[in-house]
Amino acid sequence: MTSPTNSQIKEMAILAGTERIALRITDLCVQYATGTLALSNVSLTLRQGEFVAVVGPSGCGKSSMLRVAAGLLAASQGSATRSTEHVGFVFQDPTLLPWRTVRGNVELSGELRGTRRAERKAKAAEAIGKVGLSDVAGQRPGTLSGGMRMRVSLARTLASQPELMLLDEPFAAVDEITRGRLCDDLQRLFVADKFAALFVTHSIAEAVFLASRVLVLSDRPGRLIGEVPVPLPYPRSPQVRFTSEFTELTAQVSTLLTDGEKPLRAKKKKARETAA
Amino acid sequence: MKSRLAAILPPLAVLTAAIGIWYLASNVLISEDRRFLLPSPDAVVQIAFLDPANLSELLAGLALSAQVAMVGLGLAIVIGLALAILMSQARWLERSLFPYAVVLQTIPILALVPLFGYWFGFGFESRVLTCVLIALFPIVANTLFGLRSVDRSLHDLFTLHSAGRLTRLFKLQLPAALPAIFTGLRISAGASVIGAIVGDFFFQQGPSGIGQLIYVYPRRLESEMLFGAVILASLFGLAVFWLFGVLSRRVTAWHESQQRPESPPLPANV
């Protein structure tokens, strides 16, 4: 009899109830009002304290999956179940209220949840400190750089002390250098706060650097076509990106992505041939 | 200091040039017996502004019209904001009400003014109503546009925290709509001043507003007073426009339109 693999052990732990699940997505399908099927039969389980990244080509329904998980979008079929109400969502854009200061923006989550003023202020100050923006807490977002605004957005999400973080390509709009720094920050926060994170991204390197598992989605309609476990221990130093192990892992994800496209290309080619 | 001077000097130069041309035209180009067509600027100042009796007649007229314009504007703001907020809350309300706001805007106000006279008399109420009708539409249209144009992801953020309708309105939609609201207010403030003067023109009865004076002076060939009245009326319009400009800058200092670029933007491909 062969000994069980790591993921089988985890599966058994879940079944035995010793490991908490933060999010379970079951047979999820998302169809837009236009009739386009964006996501087809995707299932995944996110454990408490686990960082899972989802990569896939544009338009494969990654963001839709996240929106369903957050309760912003209704599933056409299947379900997404969260074990916690403490959910944080980080959008593609910083999504800040331009008329509020950094502090005011970070306090917003608490304000909307009805947290008491003193507690709200303390949590906001702590979160702003964590992302290193204490010296600009009184400024409005308009005066900050793109990277700083994204940090404010992270701080706002952190201030609500989420057990589940959903991140929708949060660093897509910033430059390469800032992106690297923000990734380091996010990893540091993950290691410190131990939330469960589902991180959607275009960037394979970003996914491998941050996640303990990388899930690969196919072209539209998005289906899960593979999973690459990332056995690098946390905390990961920025230099881990230059190791051969890291390169090997990104190559694996990349291969899965291109293999996922192959059947589709073949199909298209065949269609063209029959049309001719 | 330097930038302030740079802001004031050009319009001041244009004003000086305009007064110079006016002076020349009046004193050189026009013969003395026809000077009532264009009285000299110094005569206008002398007669309209330096004669206490004349000045107080003008100021009394202006005060009345200003009161009409401001009460009208105030009412238009309250009614306009309320209507726009109401319409922003449900599409069916917008569909039911907005066409009538447009109708109100498209009916020539001059056609309604005599009716107001019949219904409400020729006094203060009718004049205020004229102003309200002229000033209402820009406020409704701009406020509604502002309330509706809030970023979808900002709405999502509020949805994530299960924010209610009122929270969303007061913490998100209204602050986000402020720049649009103020655009509407500035248009309406100017329109309301015009409304007060147009109202005066038509309601020839009752106490004289500055519009009524503008109507009467040319019939008495008192050109200097006519010019004085026109200058005062436009100064008042300018003051109102300026006031709302300052208010708008104060309230929406965070908005992109109020940010001064520190350096010229770089070409896109640098």
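Reading the values: the criteria
Residues numbered from 1 in each chain as written. Chains lettered and ligands numbered in written order. Predicted model: local features only at pLDDT ≥ 70, side-chain atom pairs only at ≥ 80, totals over all residues. Helix = DSSP H or I, 4+ residues; strand = E, 2+ residues; numbered from the N terminus. Contact = placed C-beta atoms within 7 Å. Rg over C-alpha atoms; globule rule 2.2 N^0.38 Å. Expected span 1.5 Å × (residues − 1). Bend = angle between axes of the 7 residues up to and from the residue. Buried ≥ 20, exposed ≤ 12 C-beta atoms within 10 Å, placed from the backbone. Axes fitted to C-alpha atoms, helices over the stretch in contact; angles between N-to-C directions. Parallel < 35°, antiparallel > 145°, perpendicular 65-115°, else oblique. Left-handed = near helix turned anticlockwise from the far one by under 90°. Nonpolar A, V, L, I, M, F, W, Y, C, P; charged D, E, K, R; others polar. Pairing = 2+ DSSP bridges. pLDDT = per-residue confidence, 0-100.

S.K.: For the overall build of chain A, give the residues involved together with the corresponding values.
M.R.: Counting secondary structure elements, chain A contains eight helices and nine strands. Contacts spanning at least 24 positions in sequence make up 74% of the contacts within chain A whose residues lie at least 6 apart.

S.K.: I'd love a proper account of the overall build of chain B, names of residues and values included.
M.R.: Across its full length, chain B holds 10 helices and zero strands. Its helices and strands taken in sequence order, chain B reads α-α-α-α-α-α-α-α-α-α from the N to the C terminus. At 23 Å, chain B has a C-alpha radius of gyration far larger than the 18 Å of a compact globule built from 270 residues. Projected onto the principal axes, the alpha-carbon positions of chain B cover approximately 75 × 60 × 30 Å.

S.K.: Explain helix α4 (residues 91-106) of chain B to me, and be specific about the residues and the numbers.
M.R.: Residue and element names in this part refer to chain B. Between its first and last C-alpha, α4 extends 22 Å over 16 residues, near the 22 Å set by a 1.5 Å rise per residue. Maximal helix bending in α4 amounts to about 30°, located at Leu97; proline Pro99 follows within four positions. Counting buried positions along α4 gives one out of 16 residues, so the element sits mostly on the surface.

S.K.: Explain the packing of helix α3 (residues 102-113) of chain A against helix α4 (residues 117-130) of chain A to me, using residue names and the numbers behind them.
M.R.: Residues and elements named next belong to chain A. It is the contact of α3 with α4, at a shortest axis distance of 9 Å, that shows an interaxial angle of 125°. Classed by the angle they form, the pair α3 and α4 counts as oblique. Seen from above, α3 lies across α4 with right-handed handedness. Contact residues: Val102, Arg103, Val106, Glu107, Gly110 and Glu111 in α3; Arg120, Lys121, Lys123, Ala124, Ala127 and Ile128 in α4. By residue class, the composition of the contact of α3 with α4 is five nonpolar, one polar and six charged.

S.K.: Requested: an account of the interface of chain A and chain B, with residues and values cited.
M.R.: Tallying the contact residues gives 13 residues for chain A and 14 residues for chain B. Counting residues per element, the side of chain A that touches chain B draws most heavily on α3(A), at three residues. Looking at the side of chain A that touches chain B residue by residue, the classes come out as seven nonpolar, three polar and three charged.

S.K.: An account of the pairing of strand β2 (residues 37-47) of chain A is needed here, citing residue identities and associated values.
M.R.: All names here are of chain A. In terms of strand pairing, strand β1 (residues 21-31) meets β2 through seven bridges, oriented antiparallel. Paired with Leu28 across the strands is Val42, a residue of β2. What sits between β1 and β2 in their antiparallel hairpin is a turn of five residues, with Gly35 showing a positive phi close to 100°.

S.K.: Describe the confidence of the model for chain A, with residues and values.
M.R.: Averaged over every residue, the pLDDT of chain A is 85; residues scoring 70 or more account for 87%. Ranking the helices and strands of chain A by mean pLDDT puts strand β3 (residues 51-55) of chain A first, with 94, and helix α1 (residues 6-16) of chain A last, with 52.

S.K.: Can you explain the sheet that holds β2(A)? Please cite residues and give values.
M.R.: Residues and elements named next belong to chain A. Strand order in the open sheet formed by three strands is β2-β1-β4, and the pairing between neighbours is antiparallel. Of all the strands in the sheet, the pair left with one neighbour each is β2 and β4 (77-82). Neighbouring strand axes in the sheet, compared pairwise and without regard to direction, differ in orientation by 15° on average. Along the sheet, helix α2 (residues 62-70) contacts β1, β2 and β4; its crossing angle with β1, the most-contacted strand, is approximately 125°.

S.K.: Any details on unusual backbone geometry? Residues and values, ideally.
M.R.: All names here are of chain A. Each neighbour pair has its own omega, and for Arg220 with Pro221 the value is -5°, a cis peptide bond. When you line up the elements, Pro221 lands in the loop between β8 (213-217) and β9 (224-229). Residue Pro235 is bonded to the preceding Tyr234 through a cis peptide linkage, with omega at -10°. Relative to the helices and strands, Pro235 is located in the loop between β9 and α8 (244-275).

S.K.: Give a detailed account of the sheet that holds strand β5 (residues 87-90) of chain A, specifying residues and quantitative values.
M.R.: Residue and element names in this part refer to chain A. Read across the open sheet, the six strands follow the order β5-β6-β7-β3-β8-β9; overall the sheet is mixed. If you trace the sheet from one side to the other, it starts and ends with β5 and β9, each paired once. Going across the sheet, the axis of each strand differs from the next one's by a mean of 15°, ignoring polarity. Bridge count between strand β6 (residues 164-168) and strand β7 (residues 196-201): five bridges; the pairing is parallel. Within β7, the residue paired with Leu166 across the bridge is Leu198.

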